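What follows is each chain in one-letter form.
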Amino acid sequence: MTTRIAVLASGRGSNLAALIEYIRSTEVRSSGRVALVISDRADAGAIAIARGAGIETRVLTTAPDSADELAALLHGAAADLVVLAGYLRLVPSAVVHTYRGHIVNIHPALLPAFGGPGMYGTRVHRAVLDSGARVSGATVHFVDDAYDRGSIIAQWPVPVFGADTEETLAARVLRVEHMLLPRVVEAVAAGRIRLGEDGRVHGALETAVPDAVFTLLQRPEDATLGHDITTALAR
Ligand code: GRF
């Protein structure tokens, strides 16, 4: 049975695009498909990307913190799995509870550090740089009632270099996000990863960070990184 995925996104939508592309890729026999994209902003790039891909879209017309409209949209789409891909609002707790274990978020740093209210976009990367941390990365976690706090499913690292700016670090993390999120979504959709009653995550990604990827990530020059990582993962 195909898992019906609803994606919630507030902005650009590059993670949505990566997920759509991964599912469509002929090499992947995906367990899920994106059935609906919901945004709190009509001008979100994610809405345009979804339309371009022939995926149904909805823009919230009521306050994003009220559960009713969102719950009705998810119910109407018969969504089995909710993916927050750059969604800047707190998902109302009624929805979080309905989808417990079936709602995931991607965060552009290694949680539990550098997360929580107000930690989004370039602020995350600024905080990482200011902290002096030498490693950052991407985290995908199950969603609970608080921003960025739910059980961690998978994390892939990237190095932080002395010459990094928010922009260069964001770009490096984003490339890893685009590979990590689709793989986690696929594993959750297929039931290979699930949230236990005790809040522990059962199962894991079959693709750990391959040594080859980590070696490639040590290089400061980013020009061919995305291609190199994809090639390394395919090995
Ligand atoms: C990503 O960095 C994601 O981790 C964060 O918001 C950003 C969304 O980017 N939650 P995009 O809209 O997917 O391009």
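These figures come from a predicted structure and were not determined experimentally. (Residues numbered from 1 in each chain as written. Predicted model: local features only at pLDDT ≥ 70, side-chain atom pairs only at ≥ 80, totals over all residues. Heavy atoms only, no water.)

Draft legend 1. Local environment of the pairing of strand β1 (residues 3-8). Most of β1 is tucked away, with five of its six residues classed as buried. Examined bridge by bridge, β1 and strand β2 (residues 32-39) share six bridges and lie parallel to one another. Residue pairing across strands places A6 opposite L36, the latter belonging to β2. (Buried < 20%, exposed > 50% of the residue type's maximum accessible area, 1.4 Å probe, protein only. Helix = DSSP H or I, 4+ residues; strand = E, 2+ residues; numbered from the N terminus. Pairing = 2+ DSSP bridges.)

Draft legend 2. Seen up close, the side chain of R172. In this fold, R172 is placed in helix α6 (residues 166-189). Given a relative accessible area of 2%, R172 falls into the buried group. A polar contact is formed between the side chain of R172 and the backbone oxygen of P159, at a distance of 2.9 Å. Separated by 2.8 Å, the side chains of R172 and D164 make a polar contact. (Polar contact = N/O pair within 3.5 Å; in protein donor to acceptor, adjacent residues only side chain to side chain.)

Draft legend 3. Layout of the site of the ligand. Taken together, G11, R12, G13, S14, N15, G86, I106, H107, P108 and E177 make up the full set of residues near the ligand. Within the backbone of G13, one N or O atom sits 2.7 Å away from an oxygen atom of the ligand. At 2.5 Å, a side-chain N or O of S14 approaches an oxygen atom of the ligand. Contact with the protein chains hides 86% of the accessible area of the ligand, taken as 370 Å² for the molecule alone. The set of elements that each furnish at least two residues to the shell around the ligand consists of α1 (14-24) and β5 (103-107). Looking at the shell around the ligand residue by residue, the classes come out as two nonpolar, six polar and two charged. (Near = heavy atom within 4 Å. Areas by Shrake-Rupley, 256 points an atom, 1.4 Å probe, with all protein chains shown as cover. Nonpolar A, V, L, I, M, F, W, Y, C, P; charged D, E, K, R; others polar.)

Draft legend 4. Up close: the sheet that holds β1. Sheet architecture is open: seven strands sit in the order β3-β2-β1-β4-β5-β6-β7, paired in mixed fashion. Where the open sheet ends on each side, the last strands, each with one partner, are β3 (56-59) and β7 (152-159). Going across the sheet, the axis of each strand differs from the next one's by a mean of 20°, ignoring polarity. Of the strands in this sheet, β1, β2, β3 and β4 (81-84) touch helix α3 (residues 67-76), which is tilted by about 155° from β2. (Axes fitted to C-alpha atoms, helices over the stretch in contact; angles between N-to-C directions. Contact = heavy atoms within 4.5 Å.)

Draft legend 5. Main features of α1. Extensive coverage of α1 is indicated by the burial of eight of its 11 residues. Taken together, the buried positions of α1 are S14, N15, L16, A18, L19, I20, Y22 and I23. Buried residues along α1 sit in contact with β1, β2, α2 (45-52), β5 and α6.

Draft legend 6. Seen up close, the pattern of salt bridges. By the definition in use, this model includes seven salt bridges. One salt bridge in this structure joins E166 and R126, with 3.1 Å as the shortest N-O distance. In this pair, E166 sits in helix α6 while R126 sits in helix α5 (residues 122-131), placing the two residues 40 residues apart along the sequence. The exposure class assigned to R126 is partly exposed, which follows from its relative accessible area of 33%. Measuring nitrogen to oxygen at the nearest pair gives 2.8 Å for the salt bridge that ties R172 to D164. Judged by relative accessible area, which is 11%, D164 ranks as buried. Look at the salt bridges and you will find they share partners, linking R126, D130 and E166 into a network. (Salt bridge = Lys/Arg side-chain N within 4 Å of Asp/Glu carboxyl O.)

Draft legend 7. Quick peek at the packing of α1 against α2. Look at α1 against α2: their axes get within 8 Å of each other, and the N-to-C directions meet at 20°. The angle between α1 and α2 places the two elements in the roughly parallel class. Of the residues in α2, those touching α1 at L16, A17 and I20 are A46, I49 and A50. Here the residues of the contact of α1 with α2 sort into six nonpolar, no polar and no charged. (Parallel < 35°, antiparallel > 145°, perpendicular 65-115°, else oblique.)

Draft legend 8. View of the nonpolar core. Counting 44 residues, the largest nonpolar core has V7, V34 and I153 as the members making the most contacts within it. Top contributing element to this core by residue count: α6, with 11 residues. Ignoring sequence-local partners within four residues, the contact set of I153 consists of V104, V140, H141, F142, V184, V188, I193 and V201. (Core = buried A, V, L, I, M, F, W, Y, C linked by side-chain atoms within 4.5 Å.)

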